[in-house]
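Structural overview for review
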Amino acid sequence: MNVLVLNAGSSSLKYQLINVESQTVMAKGICERVGSGEAFHKHGLDDNEHVIDAPMRDHNEAMALVLEALTSGPTKAIDSLDEIDAIGHRVVQGGKYFDRSVLIDDDVVSKIDELAELAPLHNKAALMGINACREQMPGKPMVAVFDTSFFQTLLPKAYMYPLPYELYEKHSIRKYGAHGTSHRYIAQRAADFLDEPLDDLKIITCHLGNGCSMSAIDHGVAIDTSMGLTPLDGLMMGTRCGAIDPAIVPFIMEHEGLTAAEVNDLMNKQSGLLGISGLSNDLRTVRTASEEGHERAQLAYDMYSYSVKKYIGQYIAVMGGVDVIVLSAGVGENCDKMRRMIFTGLQPLGIKLDLEKNKLRGGEREISTDDSEVQILVIPTNEEYMIALDTFDLMFEGEA
Ligand code: ADP
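A brief report on the enclosed structure follows. (Residues numbered from 1 in each chain as written. Predicted model: local features only at pLDDT ≥ 70, side-chain atom pairs only at ≥ 80, totals over all residues. Heavy atoms only, no water.)

The next subject is the packing of aromatic side chains. Overall, the coordinates contain six aromatic pairs when judged by the stated rule. Ring centres of F98 and F146 lie 4.2 Å apart, and the angle between their planes is 5 degrees; on these two criteria the pair is classed as stacked. Residue F98 is located in the loop between strand 6 (86-91) and strand 7 (102-103), and its partner F146 is located in strand 8 (residues 142-146); the two are separated by 48 residues in the primary sequence. On the basis of relative accessibility, which here comes to 5%, the residue F98 falls in the buried class. On the numbers, 6.4 Å between centres and 40 degrees between planes, the contact of Y159 with Y168 is tilted. On the accessibility criterion, Y159 (13% relative accessible area) is buried. Owing to a relative accessible area of 23%, Y168 belongs among the partly exposed residues under this scheme. Chaining the aromatic ring pairs together yields one cluster made of Y97, F98 and F146. Looking at K111, its charged tip hangs above the ring of Y97, at a distance of 5.2 Å from the centre. Sitting over the ring of Y159, R174 keeps its end group 3.6 Å from the ring centre. (Phe/Tyr/Trp six-rings, centres within 6.5 Å; stacked < 30°, edge-to-face > 60°. Helix = DSSP H or I, 4+ residues; strand = E, 2+ residues; numbered from the N terminus. Buried < 20%, exposed > 50% of the residue type's maximum accessible area, 1.4 Å probe, protein only. Lys NZ or Arg CZ within 6 Å of the ring centre and 35° of its normal.)

Spelled out as structure tokens, the structure:
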């Protein structure tokens, strides 16, 4: 079965065409700056990528270009749209309605729309993607895969904020988490890698990319996660600050004369590695600068690893132990220095990183010592494949 996986952002449309049975990516690409005069479309697999400058006024026009590139020209992957069996959409906010992926119908669309209040840019973008597909591939089965649904198993003591209860009742303010598709994928892959049932393990998953989040998965059930009502909470990230004293927000507004929207922008786009180092949100740049003696780059590096270390401690406490710690995404998969800093000093907790294995590169791998009580794994994430798989499963369910 071929599934077109779509990830629509407010001005972008990312896609992969995946054959589920053979686990192959048949084509992929991204339309960027959709709606602006500088829109362009990158299409093709790594060794055969074409960049096309193309006007795209909206997601509907972007979708038309994607479908054209998939079915014609030098980058053609299929003969006709009939070869796309179903479409899987990434949707950021599923709120309280969706604790799993679902086939899209009118009711699902209106709930995604209603939830846009909690994630305005993201859910509206997903709807644009869904509408474009409905227009250009009418009748094609579509599935919504939510970033939040994996965390619907959290108990109220984990997802409630100690604010007046009425705010929860009135505005649904609570922790929803994010990156759920990635955490679900890497936890399952970790169990498969160790050849043990997911239900038997206490796992801490760390998705460390530009956006960073961690979660505690106790015997297959997500019991806590670091992102909150929005993806701003929790760990220090590339440009996001993560958890800070909430009183800082009114303080900055008052002393810097900023509006709520401006402080929100500052915390989302000008903080984290970028804000502390003053150089970049890219950990590679920060690492090079820190090695050259740049003090703020070194501070950014230290703060980032400290932030991850603290969550490991929290999650060991809430689960009463840990069997496996999994690292994933750009930093988790590639940065041996960051991994070393995260795990330094955790030996008394039975967590021992093997310094030689840590330096090796590759796919799924174990990097803890043979006598470490806790296994440390690196598992490359693959959210697109997970979306394709959910789509496949729901289609199959529909046929059964
Ligand atoms: P996104 O959240 O945008 O999907 P990624 O998972 O691609 O992000 O991660 C991006 C981050 O990974 C960047 O900070 C980048 O510097 C970091 N990264 C990628 N490769 C390396 C590497 N070899 N060493 C250190 N950091 C890396």
